[in-house]
Structures are given as C-alpha cells and as structure tokens.
Amino acid sequence: MSLVRRARPEDAPEVLRLRQIMIDALPGGDASTHWHALALPGLRERLGEPDGDFAAFVVDHPDRPGALAALVVGTLDYRIGKASSPHGHSGYVFSVATDPDARRRGYARACMAELLAWFRERGAGQVMLTASPEAEPLYTALGFVHKPDPTMILTL
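Notes on the structure follow.

The rules behind these values
- Residues numbered from 1 in each chain as written.
- Predicted model: local features only at pLDDT ≥ 70, side-chain atom pairs only at ≥ 80, totals over all residues.
- Heavy atoms only, no water.
- Helix = DSSP H or I, 4+ residues; strand = E, 2+ residues; numbered from the N terminus.
- Rg over C-alpha atoms; globule rule 2.2 N^0.38 Å.
- Buried < 20%, exposed > 50% of the residue type's maximum accessible area, 1.4 Å probe, protein only.
- Contact = heavy atoms within 4.5 Å.
- Areas by Shrake-Rupley, 256 points an atom, 1.4 Å probe, with all protein chains shown as cover.
- Expected span 1.5 Å × (residues − 1).
- Bend = angle between axes of the 7 residues up to and from the residue.
- Pairing = 2+ DSSP bridges.
- Axes fitted to C-alpha atoms, helices over the stretch in contact; angles between N-to-C directions.
- Parallel < 35°, antiparallel > 145°, perpendicular 65-115°, else oblique.
- Left-handed = near helix turned anticlockwise from the far one by under 90°.
- Nonpolar A, V, L, I, M, F, W, Y, C, P; charged D, E, K, R; others polar.
- Salt bridge = Lys/Arg side-chain N within 4 Å of Asp/Glu carboxyl O.

### Overview of the overall build of the chain
Moving on, step 1. Secondary structure summary: the chain contains four helices and five strands in total.
Moving on, step 2. Reading the secondary structure of the chain in the N-to-C direction produces β-α-α-β-β-β-α-β-α.
Moving on, step 3. A compact globule built from 156 residues would reach a C-alpha radius of gyration of about 15 Å, and the chain, at 16 Å, matches this within 12%.
Moving on, step 4. Oriented by its inertia axes, the alpha-carbon framework of the chain measures out at about 45 × 40 × 30 Å.
Moving on, step 5. In the chain, which comprises 156 residues, the share counted as buried stands at 38%.
Moving on, step 6. When contacts within the chain are restricted to residue pairs at least 6 apart in sequence, those whose partners lie at least 24 apart make up 64%.
Moving on, step 7. Carbon and sulfur atoms form 59% of the exposed surface of the chain, whose accessible area is close to 9,600 Å².

### Digging into helix H2 (residues 35–47)
Moving on, step 1. If you check H2, its first and last C-alpha atoms are 18 Å apart, about what 13 residues at 1.5 Å a residue would give, namely 18 Å.
Moving on, step 2. Taking the largest bend as the criterion, H2 deviates by roughly 30°, centred on Pro-41.
Moving on, step 3. Turning to H2, its buried residues are His-36, Leu-40, Leu-43 and Leu-47.
Moving on, step 4. In this structure, the buried residues of H2 make contact with helix H1 (12–25) and strand S2 (54–60).

### Looking at the side chain of Glu-14
Moving on, step 1. Position of Glu-14 among the secondary structure elements: in helix H1.
Moving on, step 2. Those residues in contact with Glu-14 that sit more than four places away from it in its chain are Gly-66, Ala-67 and Leu-68.

### Side note on the pairing of strand S3 (residues 68–78)
Moving on, step 1. In terms of burial, S3 is largely enclosed, as nine of its 11 residues are buried.
Moving on, step 2. Examined bridge by bridge, S2 and S3 share seven bridges and lie antiparallel to one another. Each bridged residue has a counterpart across the sheet, and for Phe-57 the counterpart in S3 is Val-72.
Moving on, step 3. Relative to strand S4 (residues 89–98), S3 is paired through nine bridges, and the arrangement is antiparallel. Across the sheet, Gly-74 pairs through a bridge with Val-93, a residue of S4.

### A few points about the pairing of S2
Moving on, step 1. For S2, the buried fraction is high: six of the seven residues fall into the buried class.
Moving on, step 2. Of the strand pairs in this sheet, strand S1 (residues 4–6) and S2 are connected by three bridges, and their pairing is antiparallel. Bridge assignment links Arg-5 to a residue of S2, and that residue is Val-58.

### Re the packing of H1 against H2
Moving on, step 1. Running from N to C, H1 and H2 cross one another at 120°; their axes reach a closest spacing of 9 Å. Viewed along their axes, H1 and H2 adopt a mutual orientation that is oblique. Note on packing geometry: the crossing formed by H1 with H2 is right-handed. Residues Ala-12, Pro-13, Val-15, Leu-16, Arg-19, Gln-20 and Ile-23 of H1 form the contact with H2, whose own contacting residues are Trp-35, His-36, Ala-39, Leu-40, Leu-43, Arg-44 and Leu-47.
Moving on, step 2. Split by residue class, the contact of H1 with H2 holds 10 nonpolar, two polar and two charged.

### Topic: the pattern of salt bridges
Moving on, step 1. For the structure on display, the rule yields 12 salt bridges.
Moving on, step 2. In this structure, Asp-99 engages Arg-64 in a salt bridge whose closest nitrogen and oxygen atoms are separated by 3.1 Å. One end of the pair, Asp-99, is in the loop between S4 and helix H3 (107–121); the other, Arg-64, is in the loop between S2 and S3, and 35 residues separate them in sequence.
Moving on, step 3. Exposure remark for Asp-99: the relative accessible area of 4% places this residue in the buried category.
Moving on, step 4. Each of Glu-14, Arg-17, Arg-64, Asp-99 and Asp-101 takes part in a single network of salt bridges with overlapping partners.

This is the structure we're talking about:
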C-alpha cells in the first residue's frame, strides 16, 4: 500500500502550511501568512474536484496525526502544441514541500512519482517546474533537465 494519497478538501490547512514552508525557503520568500485565510476556500474547492486540471498528492505525517509530511501540487495547462508536445497538454509543478522533521525519507519523491503519473494519464507532453538548489538532485534523478529559458514575470 502506497503512503501517497490524493489530497482532500479537509487537508487544505495543512497544504497551506507546507506551501508556506516551501515559500519561506525560497530566496526572497514572503513569510507573511495573512493570505492563508483568503486562499483556503478556493483551495478546498479545487481539492474537491478530482477530475479537474489541479492535483495535490500528500503523505500523512507518521508522527503527528492530522498533519502532512509531504506535498506535491501541479496543474495541467493547455498550450498550442509543438513538436515535443503536439496535443498541447503541459504539466506544471508549483509546490513541493516536506515538513522539516520528515525529510530524507523519500516522501517528496513518492509524491512526485504520483503527480508525474497523473500528468501522463492526462496526456501531458511535458512537465515544467522551478527547482531550488536543494531539490535539484531529486528532479534530475526523475529526468528533468535545465532549459535555456528567458522567463520573465509581471505581478498584477
């Protein structure tokens, strides 16, 4: 039996807690948590849509009932097709986090394997993510490679 399961609406507060752990670890991360209350209703709704374009996979914390040990979240997007993805389905991983006291147990890897299988089942031709230096070995081992990408962002 796998330790990994699909996150449910009742997991939303823990999903946000682990997402904040990830945000706090990023260079320039914003430690404020006032947004959690605003994000919670929408997250609960998305977690309750098993057939949508959003998926979160989690591992329950082995030492703290009701807490999560690890989290991986991604979305499936449509983009006009190209040679490497003719149908235009593209996965994007935007949250990978492990509780500090549950690290080095393979939980994030197991969650990523489930999310990648979910993307494959939905016909994704590629999966993108942004890697922290600490997580890069995991992604490399899973087959991710760097691409020269002049990505820019505008915050609205």
